[in-house]
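Below, each chain spelled out in residue letters.
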Amino acid sequence: MDGNAFNRLTSALATKVCPAGAGVLSPVTARNLLRMALGQLAGDPAQRESVARRSYAHPNGFDRISLYSESGGMEVRVHLWWTGIVSDETIHNHAWDFSSLVLCGSLRFQLLQDVPGGDPYDRYDSTMPPGGVPGDYGFELTGHASLEVAVDAEVPAGSFYRMHRDTYHRVLAAREGAPMTATIVVRGPVRRSFSHVLVPAGTPIPRTRSMKRLEGDEIMEKLGLLLGLLGGP
């Protein structure tokens, strides 16, 4: 399978996760597509390096593995939360809409809304700094907000959801008792140059932050562990 075939494979995966209608990728199809992707990466060092350039360990507590990305357009990612790794996920929204399918494990998920009298937060615009690469973030204080939790729920394996870019949310933790929680995320087209990050009022944050990159061999090992958890031949 050449690089174009690999891109067609991951694009097909995205179509199943984020269709125009309400279809949902089945666990069996997800496992088979991921197994094919892993086989392709194993035999294609250039493709493996391309994936590694876009993949990193996010401080929100998960590994962000970008299998496929169109400039300014769709991206297909696998997110891996490892049980026992502390998450310091901030409240945030995105520069794009996205869809997500929980493959295994379970997440505690919160949606928040801006209301008078809520808890006070500082709002930062988050962008890629000049000369940055995926995993580099810059922060600029642009306002304030008062928020309250509107939804606080566990999101188990098999759950599928879509998120509008303006929705404030955060994942608090993966459920204990499983090695990891994994999701397939499909990012829609980029709609603006920034996202918002909110922190409790008065909390200092750095002007820039760079994430720990994931190496190709590390990505292969982690995707292999995920496939083992998903089971099947």
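Everything quoted here is computed from the prediction, not taken from an experiment. (Residues numbered from 1 in each chain as written. Predicted model: local features only at pLDDT ≥ 70, side-chain atom pairs only at ≥ 80, totals over all residues. Heavy atoms only, no water.)

Let us now look at the pairing of strand β10 (residues 180-187). Most of β10 is tucked away: 8 of the 8 residues are buried. The side-chain alternation of β10 yields two buried faces, one formed by M180, A182, I184 and V186 and the other by T181, T183, V185 and R187. Across 8 bridges, strand β3 (residues 75-82) lies against β10 in antiparallel orientation. Residue pairing for β10: V78 is matched across the bridge by I184. Pairing of strand β5 (residues 98-104) with β10 involves 6 bridges; the strand directions are antiparallel. Bridging across to β10, C104 finds its partner in A182. (Buried < 20%, exposed > 50% of the residue type's maximum accessible area, 1.4 Å probe, protein only. Helix = DSSP H or I, 4+ residues; strand = E, 2+ residues; numbered from the N terminus. Pairing = 2+ DSSP bridges.)

Turning our eyes to something else, we now look at the packing of aromatic side chains. Aromatic ring pairs are described here by two measures, namely the spacing of the ring centres and the angle between the planes. Counted according to the given criterion, the structure contains 4 aromatic pairs. For the ring pair F62 and W81, a centre distance of 4.9 Å and an interplane angle of 45 degrees mean the geometry is tilted. Of this pair, F62 sits in strand β2 (residues 62-69) while W81 sits in strand β3, and the two are 19 residues apart along the sequence. Given the relative accessible area of 8%, F62 is considered buried. Each member of the aromatic cluster is reached from another via a ring pair, and the members are F98, F109 and Y161. Directly above the aromatic system of W96 lies the positively charged group of R187, at a separation of 5.2 Å from the ring centroid. (Phe/Tyr/Trp six-rings, centres within 6.5 Å; stacked < 30°, edge-to-face > 60°. Lys NZ or Arg CZ within 6 Å of the ring centre and 35° of its normal.)

The next thing to look at is the packing of helix α3 (residues 45-53) against helix α4 (residues 216-230). Packing of α3 against α4 leaves a shortest axis separation of 9 Å and a crossing angle of 90 degrees. With respect to their mutual orientation, α3 and α4 come out roughly perpendicular. For the pair α3 and α4, the contacting residues are R48, V51 and A52 in the first and G216, D217, I219 and M220 in the second. Here the residues of the contact of α3 with α4 are counted per class, giving 4 nonpolar, 1 polar and 2 charged. (Axes fitted to C-alpha atoms, helices over the stretch in contact; angles between N-to-C directions. Parallel < 35°, antiparallel > 145°, perpendicular 65-115°, else oblique. Contact = heavy atoms within 4.5 Å. Nonpolar A, V, L, I, M, F, W, Y, C, P; charged D, E, K, R; others polar.)

Scanning the model with the defined rule gives 11 salt bridges in all. One salt bridge in this structure joins D152 and R108, with 2.6 Å as the shortest N-O distance. Of the two residues, D152 sits in strand β7 (residues 136-156) while R108 sits in strand β6 (residues 106-127), which places them 44 residues apart along the sequence. Judged by its relative accessible area of 39%, D152 is partly exposed. You can call R108 partly exposed: its relative accessible area is 38%. Among the ionic pairs, E218 bridges to K212, the shortest N-O distance being 3.8 Å. Overall, the relative accessible area of 52% leaves K212 in the exposed class. When salt bridges with common partners are traced through the structure, they connect D63, K212, E218 and K222 into a single cluster. (Salt bridge = Lys/Arg side-chain N within 4 Å of Asp/Glu carboxyl O.)

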